[in-house]
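# Close look at the chain arrangement
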Amino acid sequence: MVKIGLLYDQLRPDERLIIEAAKSNGVDLTLCDTNELALDLTDANNSFNVADVFLQRCVSYFRSIHITATLEAQGKNVINSFKAASICGNKLLTSICLSRAKIPTPHTYVAFTQESSLHALEQIGYPAILKPVVGSWGRLVAIIKDSESARSIIEAHEYMHPIQQVYYIQEKIKRPNRDIRCFVIGERAVAAMYRHAPSDEWRTNTARGGVAESLLVTPELEELSIRAAQAVGGGAFGVDLMETESGLVVHEVNHTTEFKNIVRVTHADIPRLLLEYTLQQAKK
Ligand SMILES: Nc1ncnc2c1ncn2[C@@H]1O[C@H](COP(=O)(O)OP(=O)(O)O)[C@@H](O)[C@H]1O
Ligand SMILES: [Mg+2]
């Protein structure tokens, strides 16, 4: 029987749903607490042999990609792959992939100094959005209303970690007070939801109080979401999209996506589908 290793750093409700799904579907799941992990990088004997295939669920991006890289080097399959996870965990790399695949995505610049960022902002037009290239839950995603606020926001970033001085500057999409999350597993868009921004917040992340509402997967949504998933290398993803007057745009592809809210509102059995997909990948 194929054994799945569940790699985690915290057991969130999402990982608990995976554990329950494994129990009720007779899947052999081994819990791998990465807090206790010490992997030998020069090990030729492949001794970390606790499972045939791994489901990567670490919250920490840096921890997850380093573990995934190590396990892949030992010949293991990990969902998601190192390639897909490292692209999705970095908004600039994701934008490059979406753009090369001709998937509609917001107009975005990268700049590295205050002056060149101001130039980029002039090109994009105010209000614009500044995002950390590595980050999630809407953290540090900021609206820049004019050149004065740009100067002060970017000045503050100059005192942060160097990764915060990669200025990822994006047009602010004129969208309704919501965005769309579509969950893709392999070649299927399995569920979708709107995320409505709460009254005191423009960002729609459920981590910031965004309210989930079930949404039917339309052919346009399905096609774009699957293409976005393929563009970053394929696997299991939460694709984030916004509605514009000229159709949908994809602004993010998430790689260790939380799914408790989409499961709650759509009743899609994402934990089971994730396990099934992971088992299929073991056989490859
Ligand atoms: N270009 C944009 N125009 C309008 N709203 C945006 C734009 N980009 C992001 N947002 C809003 O900000 C939220 C967080 O941005 P996102 O790029 O998804 O970063 P995170 O990884 O932190 O979730 C989105 O869910 C959306 O509500
Ligand atoms: Mg997002």
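Residues numbered from 1 in each chain as written. Chains lettered and ligands numbered in written order. Predicted model: local features only at pLDDT ≥ 70, side-chain atom pairs only at ≥ 80, totals over all residues. Heavy atoms only, no water.

The subject of this paragraph is the packing of aromatic side chains. The relation between two aromatic rings is expressed through the spacing of the ring centres and the mutual angle of the planes. For the structure shown, the criterion picks out three aromatic pairs. On the basis of an interplanar angle of 15 degrees and a centroid distance of 5.8 Å, the ring pair of Phe 48 and Phe 54 is categorised as stacked. The same class applies to Phe 48 as to Phe 54, namely buried. Between Tyr 61 and Phe 62, the aromatic rings sit 5.2 Å apart at their centres with planes inclined by 55 degrees, giving tilted as the arrangement. For Tyr 61, a relative accessible area of 15% puts it in the buried group. The ring of Tyr 194 has Arg 178 sitting right over it, with the charged end atom 3.9 Å from the ring centre. (Phe/Tyr/Trp six-rings, centres within 6.5 Å; stacked < 30°, edge-to-face > 60°. Buried < 20%, exposed > 50% of the residue type's maximum accessible area, 1.4 Å probe, protein only. Lys NZ or Arg CZ within 6 Å of the ring centre and 35° of its normal.)

Around the magnesium ion (ligand 2), the donor atoms from the protein are Asp 240 (OD) and Glu 252 (OE), and they sit 2.0 to 2.7 Å away. Placement of Asp 240 in strand S12 (residues 236–244) and of Glu 252 in strand S13 (residues 247–254) is noted, with a sequence separation of twelve residues between them. By relative accessible area, Glu 252 is classed as buried at 11%. (Donors = N, O, S within 2.8 Å, 3.2 Å for Na, K, Ca; no water. Helix = DSSP H or I, 4+ residues; strand = E, 2+ residues; numbered from the N terminus.)

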